[in-house]
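Descriptive analysis of the structure
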Amino acid sequence: MKHFTSVQDIGPLEQALAKAREVKKDKFAHADAGKHLTLLLVFFNASLRTRLSTQKAAENLGMQVMVLNIKEGAWLLETQHGVVMDGDKAEHLLEAIPVMGCYADVIGVRSFAGLTSKEEDYGETVLNQFIRYSGKPVISLESATRHPLQSFADLITIEEYKTVAKPKIVLTWAPHPSALPQAVANSFAEWILTAGYSLTITHPKNYELHNAFTAGADIVYDQEEALQGAHFVYAKNWSAYQDPFYGKRLHGDPSWIINERKMALTDNARFMHCLPVRRNVVVSDKVLDSPRSLVIPQAANREIAAQVVCKSIIDSIKTKSI
Amino acid sequence: MKHFTSVQDIGPLEQALAKAREVKKDKFAHADAGKHLTLLLVFFNASLRTRLSTQKAAENLGMQVMVLNIKEGAWLLETQHGVVMDGDKAEHLLEAIPVMGCYADVIGVRSFAGLTSKEEDYGETVLNQFIRYSGKPVISLESATRHPLQSFADLITIEEYKTVAKPKIVLTWAPHPSALPQAVANSFAEWILTAGYSLTITHPKNYELHNAFTAGADIVYDQEEALQGAHFVYAKNWSAYQDPFYGKRLHGDPSWIINERKMALTDNARFMHCLPVRRNVVVSDKVLDSPRSLVIPQAANREIAAQVVCKSIIDSIKTKSI
Amino acid sequence: MKHFTSVQDIGPLEQALAKAREVKKDKFAHADAGKHLTLLLVFFNASLRTRLSTQKAAENLGMQVMVLNIKEGAWLLETQHGVVMDGDKAEHLLEAIPVMGCYADVIGVRSFAGLTSKEEDYGETVLNQFIRYSGKPVISLESATRHPLQSFADLITIEEYKTVAKPKIVLTWAPHPSALPQAVANSFAEWILTAGYSLTITHPKNYELHNAFTAGADIVYDQEEALQGAHFVYAKNWSAYQDPFYGKRLHGDPSWIINERKMALTDNARFMHCLPVRRNVVVSDKVLDSPRSLVIPQAANREIAAQVVCKSIIDSIKTKSI
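Residues numbered from 1 in each chain as written. Chains lettered and ligands numbered in written order. Predicted model: local features only at pLDDT ≥ 70, side-chain atom pairs only at ≥ 80, totals over all residues.

Quick notes on the overall build of chain A
As a reminder of what qualifies: Numbering of helices and strands starts at the N terminus; helices are DSSP runs of H or I of at least 4 residues and strands are runs of E of at least 2. In this setup the radius of gyration rests on C-alpha atoms only. A globule is expected at 2.2 Å times the number of residues raised to 0.38. Three classes are used. A residue is buried when 20 or more other C-beta atoms lie within 10 Å of its own, exposed when 12 or fewer do, and partly exposed in between, with C-beta atoms placed from the backbone. Once C-beta atoms have been placed from the backbone, residue pairs whose C-beta atoms lie within 7 Å are recorded as contacts.
Helix and strand counts for chain A stand at 12 helices and 11 strands. In terms of C-alpha radius of gyration, chain A reaches 20 Å, essentially the compact-globule figure of 20 Å for 322 residues. By principal-axis analysis of the C-alpha atoms, chain A measures approximately 55 × 50 × 30 Å. Within chain A, the fraction of its 322 residues that count as buried is 56%. The long-range fraction of contacts in chain A, counting pairs at least 24 apart against all pairs at least 6 apart in sequence, stands at 77%.

Here it is in structure tokens:
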């Protein structure tokens with residue numbers, strides 16, 4: 001694996017899932033694989049799970065890990081090309097990225113969508129500059145349009161908890177007080193569909209996602225209809241993708257919350273969410289605290305997903321250096 | 001040791017002190033004991049000594065250490081139950097804690113008293129949720145009511161510097177420009193009394209501590225009387241514990257400063273403070289800079305105390321996993 | 001090497017450069033040299049290259065590294081002696097420094113010039129207190145008046161890219177929107193002159209540097225004249241050193257920018273800058289993005305310089321402890 005930015009990079013999903021099962025059996029089976037390799041984790045946005053799980057995974061493999069929160073302790077970074085840098089930004093990505101590449105063997109980067117320019121977000125301008133200018137393998141820790149480590153962990157979790165070969169999986173939009181990126185929803189759809197599962201996506205009108213991610217899914221505007229017979233309910237807020245609403249929070253219709261009444265419509269479904277989750281906005285306490293909730297197993301699988309990815313990148317580095 | 005939150009968890013103090021002496025002889029005698037174990041240090045409040053000494057101690061034992069400053073780079077955390085999370089707090093402790101537990105084998109947590117609700121503070125609501133929801137051993141890095149790693153280090157220091165078997169130990173309130181928790185004072189009293197020493201506590205009226213911690217100590221309202229013949233003078237500010245003043249800075253009476261004139265009343269006493277200390281408010285430069293000051297040896301013993309605690313928790317984990 | 005704060009500490013430069021070449025051949029040739037030694041990196045100011053490159057270098061040698069950003073997660077530090085600490089600063093350097101010394105075997109510290117008091121800055125009050133009170137070897141990560149790890153990396157880079165034995169090296173002042181310290185310029189001059197190279201320094205009048213650093217260099221006020229025949233052009237802004245302008249940005253004359261027209265005056269010179277650099281203020285995009293720019297190789301050599309310094313300090317520690 002050269003870079004890890006989407007489901008395309010992981011190879012056949014059956015093999016990836018098999019590797020995940022191996023990691024779960026023994027996290028330290030390759031405790032020296034990453035010896036003398038350094039993973040730099042660069043955060044332009046907040047993180048709890050991603051930072052800790054990726055750091056832990058890399059250390060399980062014997063890598064050194066350095067964490068850089070761009071807003072703390074580093075220089076403010078300019079991202080636009082051609083500008084006269086006479087403002088508050090002391091350094092340009094065009095220097096910062098190759099410099100980071102000097103000190104790291106692998107770079108993980110988190111850079112959320114700005115939600116003001118669809119072109120900039122869906123062009124993945126920050127992530128792609130890391131790929132282009134760092135000279136090193138890049139792992140997406142959630143980019144503007146995808147969160148592949150989360151989606152891989154979600155898929156591992158579904159494999160572990162499914163009770164029928166082809167479960168009904170429903171991705172439902174949920175309310176939220178602020179405008180959020182589409183990355184988690186995009187990425188979840190992409191992985192679930194690539195894995196060969198059927199996916200139902202439900203959301204209010206005008207919250208349609210980019211069909212590059214959702215092609216093949218059933219889009220149902222009636223949430224209750226969508227939830228009928230579901231085995232997995234994945235709730236997530238996202239802002240509008242379609243023009244002229246790109247990046248906007250059109251509304252936060254509270255009737256879209258996932259609560260016990262909604263879960264009663266399902267086939268005793270498991271509840272899923274990537275976290276962090278707004279209690280009693282996205283989902284009720286009762287659903288989140290019920291034994292049907294998988295949010296903690298999903299989070300635990302973040303370490304597993306990250307370890308599979310790191311190991312694969314380490315293997316590529318070693319193959320190349322032979 | 002399952003958790004470490006108070007003197008109750010350390011077992012017989014003679015044995016704990018013996019272990020401390022062993023660590024001081026060779027910090028690397030068990031440099032592989034913590035191999036493949038990760039300590040996560042979670043800070044809701046500022047730290048210098050605690051973070052560095054605990055990280056160092058754990059690394060002396062071969063553990064991996066991850067540091068999470070809640071206010072930097074992570075999501076703001078909601079701590080109240082049952083709320084509708086539509087404000088600025090993106091994540092709830094009820095998810096954040098078990099998630100942290102996924103990626104760590106041991107969790108250290110610092111969460112100071114809020115000083116607005118005695119019930120919440122003395123109920124140790126944050127610390128206890130870590131114990132309840134993380135599924136992992138928890139080390140207090142100073143909780144609302146206790147600072148046991150500090151007190152253990154203080155006891156080690158007293159053992160090293162005492163010149164009589166039963167020294168007179170005086171804990172004195174001192175002025176401070178802001179309202180501080182009672183944790184250090186509570187904890188110091190608890191450890192010193194548990195160790196079988198006699199303890200004199202002196203403070204202005206209405207600054208009485210909770211007698212759950214001080215029962216057995218002599219309470220003397222006249223500071224100069226209390227200092228007579230002291231071998232150790234431990235200065236520390238705290239806010240009021242007693243109702244209706246809970247958490248309040250009633251005053252910062254400057255006459256309570258420890259200076260050379262006060263130290264002259266003692267039996268050539270050693271000066272102690274947990275640090276950070278306000279120079280010329282809590283204690284004069286001359287006392288702090290004198291050779292009788294033990295503040296740096298106390299700080300150095302923080303690493304020793306943390307290493308004894310980490311080693312004991314590692315041993316418990318390994319015993320359980322056999 | 002006891003401390004590393006200037007070119008004086010590195011010993012004969014030929015030997016230092018030979019060690020740098022050795023490190024470049026195999027960064028892991030001494031991967032256990034720093035075992036059981038901890039490097040603490042303390043930052044009073046922002047850092048990207050210095051933090052990452054020094055951490056990486058130390059880890060290449062098997063050291064443990066702890067990073068402390070003073071403004072994040074620690075207590076605000078008082079630096080003035082004799083004050084009554086009743087403001088917002090909770091801890092004094094006089095305690096903080098020896099405490100840090102308790103938990104570290106080597107301390108790296110970054111503390112920029114305040115640019116308000118020449119006496120305080122050129123007295124190196126913060127750096128010197130670390131040397132005096134920590135009891136441990138101290139590495140300057142850029143102090144008020146020098147940035148020796150940068151200068152060492154710069155010298156390594158010049159050695160690698162020079163095509164004549166005695167190249168013409170030009171240090172030129174460049175515009176900048178804010179007032180910057182003189183440290184990089186001072187230090188560059190000191191190292192280049194110590195290495196036996198001839199150095200031309202060009203800047204507007206009243207931007208003269210301290211002649212303790214520049215004695216032996218040619219000072220030329222006409223930038224275009226200075227650039228004639230140059231093999232290396234090192235651009236850098238600095239504020240005024242001379243009284244009564246100390247620390248002031250007298251102006252940011254844009255005609256001093258380095259652009260293609262200026263580079264055409266040179267003997268096909270290499271462009272150098274320590275980074276971070278203000279694009280199109282200090283230097284034009286075209287020069288910075290040209291193949292003649294060495295800014296990334298300079299940055300890469302920061303790891304090499306740091307590793308030579310760390311290894312030398314490790315050797316001293318081990319010699320002393322035998």
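So that's the structure; there's more coming.
Here's the deal with the domain arrangement of chain A
Residue and element names in this part refer to chain A. Rule in force here: For the purposes of this description, domain bounds are those given by an automatic or database domain assignment.
What the domain assignment reports for chain A is domain 1 (7–146 + 302–321) and domain 2 (150–298). Look at where the C-alpha atoms of domain 1 and domain 2 centre, and you get two points 26 Å apart. At the junction of the two partners, domain 1 supplies 19 residues and domain 2 supplies 20 residues. Elements with a minimum of two residues in the side of domain 1 that touches domain 2: helix H1 (13–25) and helix H12 (295–321).

Some points on the nonpolar core
We count it as follows: Defined on buried residues, the nonpolar core groups Ala, Val, Leu, Ile, Met, Phe, Trp, Tyr and Cys residues joined through C-beta atoms within 7 Å.
Among the nonpolar cores identified, the biggest contains 317 residues, and Leu40 and Val233 of chain A, Leu40 and Val233 of chain B together with Leu40 and Val233 of chain C are the most heavily contacted of them. Non-local contacts of Leu40 of chain C, meaning those with residues more than four positions away in its chain, are made with Leu52 of chain B together with Met66, Leu68, Met100, Tyr103, Ala104 and Ile107 of chain C.

Structural notes on the interface of chain C and chain B
Short version of the rule: When residues are grouped by polarity, Ala, Val, Leu, Ile, Met, Phe, Trp, Tyr, Cys and Pro land in nonpolar, Asp, Glu, Lys and Arg in charged, and all others, Gly among them, in polar.
Counting from both sides, the interface comprises 24 residues of chain C and, opposite them, 28 residues of chain B. Listing elements by their share of the side of chain C that touches chain B, those giving two or more residues are strand S1 (38–43), strand S2 (64–69), strand S4 (91–92) and helix H3 (93–103) of chain C. Ranked by residue count, the leading element in the side of chain C that touches chain B is H3 of chain C, at 7 residues. When grouped by side-chain class, the residues that make up the side of chain C that touches chain B number 14 nonpolar, 6 polar and 4 charged.

Notes on helix H6 (residues 148–161) of chain C
Residues and elements named next belong to chain C. Note the cut-off: Every helix has an expected span of 1.5 Å times one less than the residues it contains.
The end-to-end C-alpha distance of H6, which contains 14 residues, comes to 20 Å, matching closely the 20 Å that a straight helix rising 1.5 Å per residue would cover. The element H6 is extensively covered by neighbouring structure, given that 11 of its 14 residues are classed as buried. Of the residues making up H6, those classed as buried are Pro148, Leu149, Gln150, Ser151, Phe152, Ala153, Asp154, Leu155, Ile156, Thr157 and Ile158.

A short note on the relation of the copies chain C and chain B
We count it as follows: C-alpha atoms of residues with pLDDT of at least 70 in both copies form the basis for the least-squares superposition of the copies.
Once turned by 120° and shifted 0.0 Å along the axis, chain C lies on chain B with an RMSD of 0.0 Å. When the rotation and shift are considered jointly, the pair of chain copies conforms to a three-fold rotation axis. Closest approach to the rotation axis within chain C is made by the C-alpha atom of Glu72 of chain C, at a distance of 4.3 Å. Residue by residue, only 4% of the interface of chain C is reproduced at the interface of chain B, so the copies engage with different surfaces.

What about the interface of chain B and chain A?
Quite often, the size of an interface is put as the accessible area lost when its parts meet. Listed as interface residues are 25 residues of chain B and, on the opposing side, 28 residues of chain A. Where the side of chain B that touches chain A is concerned, the elements lending two or more residues are strand S1 (38–43), strand S2 (64–69), strand S4 (91–92) and helix H3 (93–103) of chain B. No other element matches H3 of chain B, which puts 7 residues into the side of chain B that touches chain A. For the side of chain B that touches chain A, the class distribution of residues is 15 nonpolar, 6 polar and 4 charged.

Topic: helix H7 (residues 183–194) of chain A
Residues and elements named next belong to chain A. Taking 1.5 Å of rise per residue, 12 residues should cover 16 Å, and H7 covers 16 Å from first to last C-alpha, within 8% of that figure. For H7, a buried count of 10 out of 12 residues is recorded, marking the element as mostly surrounded by other parts of the structure. Of all the positions in H7, only Ala183, Val184, Ala185, Asn186, Ser187, Phe188, Ala189, Glu190, Trp191 and Ile192 are classed as buried. If you follow the buried residues of H7, they end up packed against helix H6 (148–161), strand S7 (169–173), strand S8 (199–202), helix H8 (211–214) and strand S10 (232–236). One or two steps after H7, the chain reaches Gly196, where phi turns positive at roughly 90°.

Side note on the environment of Ala31 of chain C
Assignment of secondary structure puts Ala31 of chain C in the loop between helix H1 (13–25) and S1. Separated by 10 residues in the primary sequence, Ala31 of chain C and Leu41 of chain C have C-alpha atoms spaced 20 Å apart. Apart from residues no more than four positions distant in its own chain, Ala31 of chain C is found in contact with His36 of chain A together with Asn60, Leu61 and Gly62 of chain C.

Focus on the pairing of strand S5 (residues 106–110) of chain C
All names here are of chain C. Let me state the cut-off plainly: Two strands pair under a simple rule: DSSP has to find at least two bridges between them.
Burial analysis of S5 places 5 of its 5 residues in the buried class, the great majority of the element. Alternating positions in S5 separate into two faces, Val106, Gly108 and Arg110 on one and Ile107 and Val109 on the other, with burial throughout. Sheet analysis places S1 next to S5, joined by 5 bridges and oriented parallel. The residue bridging Leu39 from the neighbouring strand is Val106, located in S5. One ladder, built from 3 bridges, connects S5 with strand S6 (residues 138–140); its direction is parallel. If you follow Gly108 over to S6, its bridge partner there is Ile139.

A short note on the sheet that holds S2 of chain B
In sheet architecture, strand pairing relies on hydrogen bonds along the backbone and comes in two forms, parallel and antiparallel. Residue and element names in this part refer to chain B. The condition is simple: Helix axes use the C-alpha atoms of the stretch in contact, all axes being lines fitted to C-alpha atoms, and the angles between their N-to-C directions lie in the range 0 to 180 degrees.
An order of S2-S1-S5-S6 is seen for the 4 strands of this open sheet, with the pairing classed as parallel. Edge positions in the open sheet fall to S2 and strand S6 (138–140), since each of these has one partner strand only. Strand-to-strand, the axes of this sheet are offset by a mean angle of 20°, without reference to chain direction.

Overview of the packing of H6 of chain C against helix H7 (residues 183–194) of chain C
All names here are of chain C. How we decide: Between 65 and 115 degrees an angle is taken as roughly perpendicular, under 35 as roughly parallel, over 145 as roughly antiparallel, and anywhere else as oblique. A clockwise turn of the near helix away from the far one marks a right-handed crossing, whereas an anticlockwise turn of less than a right angle marks a left-handed crossing.
Remark: H6 packs on H7, axes separated minimally by 9 Å, with the N-to-C direction vectors making an angle of 45°. As the angle between them shows, H6 and H7 are arranged oblique. The crossing of H6 and H7 is right-handed. Each of Pro148, Gln150, Ser151, Phe152, Asp154 and Leu155 in H6 lies in contact with H7, whose residues at this interface are Val184, Ser187, Phe188, Glu190 and Trp191. Split into classes, the residues belonging to the contact of H6 with H7 amount to 6 nonpolar, 3 polar and 2 charged.

What to know about the relation of the copies chain B and chain A
With an axial shift of 0.0 Å and an RMSD of 0.0 Å, the rotation relating chain B to chain A amounts to 120°. A distinct binding surface is used by each copy, with only 4% of the interface residues of chain B retained as interface residues in chain A.

Focus on the sheet that holds S6 of chain C
All names here are of chain C. If you trace the 4 strands from one edge of the open sheet to the other, you get S2-S1-S5-S6, paired in parallel fashion. Either end of the sheet is taken by a strand with one partner, and the two such strands are S2 and S6. Sheet twist, expressed as the average angle between the axes of neighbouring strands with direction ignored, equals 20°. With 6 bridges joining them, S1 and S2 adopt parallel strand pairing. From the neighbouring strand, Leu41 faces S2, where its bridge partner is Val67.

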